[in-house]
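This is what each chain is made of:
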Amino acid sequence: MIQLLRRFASLSALTKITSTMTTPLPGTKPPLTLYTSIASIRQWRRQQASRCNSVAMIPTMGAIHAGHISLIRSAAQTHDSLVISVFVNPAQFAPHEDLSRYPRTLTTDIKQLEALNTELSSPESSSKGRIEALFVPSVPEIYPSGIPLQQELQKGAFVTVTPLSSRLEGITRPHFFRGVATVCMKLFNIVQPDEVYFGQKDVQQTVVLKWMVGDLHIPTKIRVEDTVREEDGLAMSSRNVYLGEKRRGFAVCLYKALKAAEEAYLQEVAKGATVIPKRILTEPAEKVLREAGSDEVKTETEYFSVACPKELEELEQVDVSIGAVISGAVRMLPTQESEGPVRIIDNIILKGKAEVDTQGERVSQDLRTVVYV
Ligand SMILES: Nc1ncnc2c1ncn2[C@@H]1O[C@H](COP(=O)(O)OP(=O)(O)OP(=O)(O)O)[C@@H](O)[C@H]1O
Ligand SMILES: CC(C)(CO)[C@@H](O)C(=O)[O-]
Ligand code: BAL
């Protein structure tokens, strides 16, 4: 099987995979099948419908880590059949960004997915479902009109979610959410999953996609799962491999800043506050960020935001009945010539003390995540 994967990986590098390729990966019991064409994954989807299987999708850009695995485990609790997509989406990268060096580790990704599947399929597992399909399309399959990185040269249909996409991450990455929304729209249309799983680590992405699904009446649900962290609290991320040893230890500064803001919020809530000025949260966070790094490792804060959960609009004060999303981005500067800057993003949802939920039902006064979209 490994040989087969090596062949696939090398074919992939040479972009010689045919658009109809469907490869049962024989080492897996029951087999995990690799689909590379839209036609073949649609056929798989029809089979699932004919068996009345519920289908969950977990879109990824590969370089599978424990964050992805946790999304898959959650999906397997509820759904019969899971489809994982691995696609490094050019449309969400600006020309100056890291598309060409983004980690591509398909062979080890598949090994991890196979190991997980063996566990999910074992008689001891409490999971309802398991991974059935791995969808790894080529760029021309997804973008038949081509996808130059310069937006003004791009032809065809694209999805924009406004004004959300130009806030926070969208300030530094103005192209980003158009690329994410467009590829997710394509993936949702191709696979038609009952539910799609995303990580809270990319919180703005989840809010953008919830708006897209709602506004465009897409018949799927968006599920958001907790951020999986390293032991010191750093959010797992495929790009953490860029950090290198020297910067790695300092990369947790953003999470520490978020925790300082959260602690300040919870202290005010405990004192009975109903409205909390933004500065009560940002001052302790900014102190942590100012003191981050060392003589050798320099950090720059791009933003530290306190925003409303519905549209991520910046708040001057937090209404305790609603809560807020606190999020940020920190740039870890290179420590040597061979390195580039690495952006760390992270967030915490400050729970609200809602008396009623979005349907108007009375709920408890306990702190809870108030979901709007
Ligand atoms: N630490 C994490 N915990 C939970 N979910 C995560 C985590 N990291 C990524 N995810 C989720 O996995 C899905 C696929 O993400 P992706 O493949 O881009 O990985 P990534 O680690 O976010 O990569 P990058 O370093 O490029 O941001 C997304 O929904 C993302 O939010
Ligand atoms: C959702 C996604 C797979 C779209 O390319 C990507 O943005 C990601 O991995 O978070
Ligand atoms: N998980 C986010 C993908 C990106 O930054 O391109």
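Going along each chain's sequence as written, the residues are numbered from 1 onward. The naming scheme follows written order: chains are lettered A onward, ligands numbered 1 onward. Reporting of local features is limited, given that this is a predicted model, to residues whose pLDDT is at least 70; pairs of side-chain atoms are given and counted only at 80 or more, and all residues count toward the totals for whole chains, interfaces and linings. Side-chain measures were taken over the full set of non-hydrogen atoms in the model, leaving aside hydrogen atoms and water.

Labelled according to an unreviewed UniProt entry, the protein appears under the name Pantoate--beta-alanine ligase, originating from Tuber borchii.

1. Notes on the domain arrangement of the protein
Threshold: Note that the domain bounds reflect an automated or database-derived domain assignment. Buried area, as used here, totals the accessible surface that two parts lose on assembly, with accessibility defined by a 1.4 Å probe and the loss added over both. A carboxyl oxygen of Asp or Glu within 4 Å of a side-chain nitrogen of Lys or Arg is what we treat as a salt bridge.
Assigned domains within the protein: domain 1 (2-225) and domain 2 (242-350). Just the C-alpha atoms count here: the centres of domain 1 and domain 2 sit 29 Å apart. Counting the surface lost from both domain 1 and domain 2, the interface buries some 1,600 Å², and carbon and sulfur atoms represent 55% of this. Of all residues in domain 1, R167, L168 and E169 bury the most surface against domain 2, accounting for 34% of the area lost on that side. Across the domain 1-domain 2 interface, the total number found is 1 salt bridge.

2. A short note on the site of ligand 1
Basically, it comes down to this: A molecule or strand has a residue near it when one of that residue's heavy atoms lies within 4 Å. Two N or O atoms form a polar contact when they lie within 3.5 Å of each other; inside protein one atom must be a possible hydrogen donor and the other a possible acceptor, and for residues adjacent in sequence the pair counts only when both atoms belong to side chains. Exposure was quantified through the Shrake-Rupley algorithm and a 1.4 Å probe, taking into account, for residues, occlusion by the shown protein chains and nothing else. Strands here mean DSSP runs of E at least two residues long; helices mean DSSP runs of H or I at least four residues long; both are numbered from the N terminus.
Around ligand 1, the surrounding shell holds 21 residues, and the nearest of these are Y102, K201, D202, S237 and S238. Here M236 contributes a backbone N or O atom positioned 2.9 Å from a nitrogen atom of ligand 1. Here S238 contributes a backbone N or O atom positioned 2.7 Å from an oxygen atom of ligand 1. In isolation ligand 1 exposes 580 Å². Once the protein is present, 94% of that is buried. For the shell around ligand 1, the elements supplying multiple residues, two or more each, are β3 (55-60), α3 (66-78) and β6 (195-199).

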